[in-house]
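Given next are the chains, with one letter for each unit.
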Amino acid sequence: MEKELFTVGERIDKFCTVCDEERGHIVTSVTKRGQISRVRCPKCGTIGTFKLASRTPSRPASKTPSPYDRTLTYRAGQSMTHEMFGIGEVTRLVEPRKMEVLFQDRLRCLIHAQGHE
Ligand SMILES: [Zn+2]
């Protein structure tokens, strides 16, 4: 595990003391050696330091969310299943029709609310 390299935007599971639950966090900064130095909780926005020891194994979702549909309008906290990326959770809306989604491996930007053009 020591050789594992991380990049900004990757997902890492750990316990959030603010939310009081185990959830996916986003890597916000890494050291030159590719080790995580800071992570952000997408739910409460808390940025914290990270130790590999605090990492928790990612757990499979208890139920499969609905497939991602770009014509739908999503809100933060909603989950979806993407045909390429798997299960993701909306962390925030970047623009009215663009959102950040935290998938099992990393944070991705997706479009949504495309239904009325
Ligand atoms: Zn949190």
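Scroll up to find the structure.
What counts, and at which threshold
Residues numbered from 1 in each chain as written. Predicted model: local features only at pLDDT ≥ 70, side-chain atom pairs only at ≥ 80, totals over all residues. Heavy atoms only, no water. Phe/Tyr/Trp six-rings, centres within 6.5 Å; stacked < 30°, edge-to-face > 60°. Lys NZ or Arg CZ within 6 Å of the ring centre and 35° of its normal. Pairing = 2+ DSSP bridges. Helix = DSSP H or I, 4+ residues; strand = E, 2+ residues; numbered from the N terminus. Axes fitted to C-alpha atoms, helices over the stretch in contact; angles between N-to-C directions. Contact = heavy atoms within 4.5 Å.

Student: Is there a simple way to explain the packing of aromatic side chains in this structure?
Tutor: The relative placement of two aromatic rings is captured by the distance of their centres and the angle of their planes. Across all of its chains, the model carries 2 aromatic pairs by this definition. Above the ring of F85, the side-chain terminus of R108 is found at 3.9 Å from the ring centroid.

Student: Please explain the sheet that holds strand β8 (residues 107–111) as it appears in this structure.
Tutor: Pairing between the strands of a sheet comes from backbone hydrogen bonds, and it takes one of two forms, parallel or antiparallel. Spatial strand order, β5-β6-β7-β8: 4 strands in an open sheet with antiparallel pairing. Whereas interior strands pair on both sides, the edge strands pair on one side only; in this sheet they are β5 (79–82) and β8. Taking the axes of each pair of neighbouring strands and ignoring which way they run, one obtains an average angle of 45° across the sheet. Judged from the 4 bridges that link them, β5 and strand β6 (residues 86–95) form a sheet pairing that is antiparallel.

Student: Help me out: how do you make sense of the sheet that holds strand β3 (residues 36–40) in this one?
Tutor: Across the sheet, 4 strands lie side by side as β1-β2-β3-β4; this open sheet has antiparallel pairing. The sheet terminates laterally at β1 (11–16) and β4 (47–49), the two strands that pair on one side only. Looking at each pair of strands side by side, their axes are set apart by 45° on average, direction ignored. As paired strands, strand β2 (residues 21–30) and β3 are joined by 4 bridges and run antiparallel to one another. Each bridged residue has a counterpart across the sheet, and for S29 the counterpart in β3 is R38.

Student: Can you walk me through the pairing of β8 in this structure?
Tutor: For a regular strand, side-chain orientation follows a simple rule: the groups alternate between the two sheet faces. One ladder, built from 5 bridges, connects strand β7 (residues 98–103) with β8; its direction is antiparallel. Of the residues in β8, the one forming a bridge with E100 is C109. Here β7 hands over to β8 after 3 residues, the two strands then running antiparallel side by side.

Student: Looking at this model, I keep getting lost on the environment of P42. Mind explaining?
Tutor: Following the sequence through the fold, P42 ends up in the loop between β3 and β4. On a C-alpha basis, the gap between P42 and G86 in space is 18 Å, while along the polypeptide they are 44 residues apart. Contacts of P42, omitting those with residues within four sequence positions, involve R23, G24, H25, I26, T91 and L102.

Student: Sorry if this is basic, but what is going on with unusual backbone geometry here?
Tutor: Note on backbone geometry: most residues besides glycine have negative phi, and most peptide bonds are trans. With a phi angle near 60°, D20 is a residue other than glycine that sits in the positive phi range. Considering the arrangement of structural elements, one finds D20 in the loop between β1 and β2. Positive phi is not limited to glycine here, since A113 has a value of about 55°. By secondary structure assignment, the location of A113 is in the segment after β8.

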